[in-house]
Amino acid sequence: MSRGPPPKKAIEFAIPFAHARGFVIFSRRQRESVCDLIILGAGRTTIVRMARTKHLRGSPAEMETQLAGAAAGLRTIPPDPGRAFEIWACNYYRSIRFFRVGRAGLVEIDRDGKPIDSREGTGGTPHT
């Protein structure tokens, strides 16, 4: 599932966001790996795939196209009501966007895991 080396700088940048959401378990990226972090929070386990991207701005549908491989990998994990799948996309300028992976596509979320209402005009703005 993975191509290329893990995005070490992106993971280092994302660690404070992950710790703010719960206990963090790091997953060593190997062939067939689908995640980089597992966050154990109250009533929820969040499985996170970090992705480095040059183009961070765009609608969730556009980001779905860019992050299709990462989303496909997370979708191989059996769903569960207490489990969430997320992609944290980071660019080279230390900006980050968070997406929840659903069966129908990506939904942009904030750093706390709450959906962002795209009607408020925040759909294409990177979050740091």
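The coordinates are above.
Residues numbered from 1 in each chain as written. Predicted model: local features only at pLDDT ≥ 70, side-chain atom pairs only at ≥ 80, totals over all residues. Heavy atoms only, no water.

1. Looking at the overall build of the protein chain
So, point 1. Check the secondary structure of the protein chain and you find three helices and six strands.
So, point 2. Along the chain direction, N to C, the helices and strands of the protein chain fall in the order α-β-β-β-α-α-β-β-β.
So, point 3. Residues classed as buried in the protein chain amount to 42% of the 128 residues present.
So, point 4. Within the protein chain, counting contacts between residues at least 6 apart in sequence, those at least 24 apart form 53% of the total.
So, point 5. As displayed, the protein chain offers around 7,400 Å² of accessible surface, 54% of which is attributable to carbon and sulfur atoms. (Helix = DSSP H or I, 4+ residues; strand = E, 2+ residues; numbered from the N terminus. Buried < 20%, exposed > 50% of the residue type's maximum accessible area, 1.4 Å probe, protein only. Contact = heavy atoms within 4.5 Å. Areas by Shrake-Rupley, 256 points an atom, 1.4 Å probe, with all protein chains shown as cover.)

2. What to know about the packing of aromatic side chains
So, point 1. Summed over all chains, the structure comprises three aromatic pairs.
So, point 2. Centre to centre, the rings of F17 and F98 are 5.5 Å apart; their planes meet at 75°, and the pair counts as edge-to-face. With F17 in helix α1 (residues 8–21) and F98 in strand β5 (residues 96–101), this residue pair connects regions lying 81 residues apart in the sequence. Both residues of the pair, F17 and F98, belong to the buried class. (Phe/Tyr/Trp six-rings, centres within 6.5 Å; stacked < 30°, edge-to-face > 60°.)

3. Here we look at unusual backbone geometry
So, point 1. With a phi close to 65°, R94 is a non-glycine residue in the positive phi region.
So, point 2. As for its placement among the helices and strands, R94 is situated in the loop between β4 (83–90) and β5.

4. Comments concerning the sheet that holds strand β3 (residues 44–52)
So, point 1. Pairing in this open sheet of six strands is mixed, and the strands run β1-β2-β3-β4-β5-β6 from one edge to the other. Each edge of the open sheet is held by one strand with a lone partner, namely β1 (23–26) and β6 (106–109). In this sheet, neighbouring strand axes are inclined to one another by 30° on average, regardless of whether the strands run parallel or antiparallel.
So, point 2. Packed onto the sheet, α1 meets β1, β2 (37–41), β3, β4 and β5 and runs at close to 140° relative to β4. (Pairing = 2+ DSSP bridges. Axes fitted to C-alpha atoms, helices over the stretch in contact; angles between N-to-C directions.)

5. Section: the pattern of salt bridges
So, point 1. Under the counting rule described, the total for this entry stands at four salt bridges.
So, point 2. Here E86 and R100 are joined by a salt bridge, their closest N and O atoms 3.2 Å apart. Of this pair, E86 sits in strand β4 while R100 sits in strand β5; the two residues are 14 residues apart in sequence, bridging distant segments of the chain.
So, point 3. Of the charged contacts, one joins R97 and E108 as a salt bridge, the two residues approaching to 2.8 Å between their closest N and O atoms. Of this pair, R97 sits in strand β5 while E108 sits in strand β6; the two residues are eleven residues apart in sequence, bridging distant segments of the chain.
So, point 4. With a relative accessible area of 0%, R97 lands in the buried category. (Salt bridge = Lys/Arg side-chain N within 4 Å of Asp/Glu carboxyl O.)

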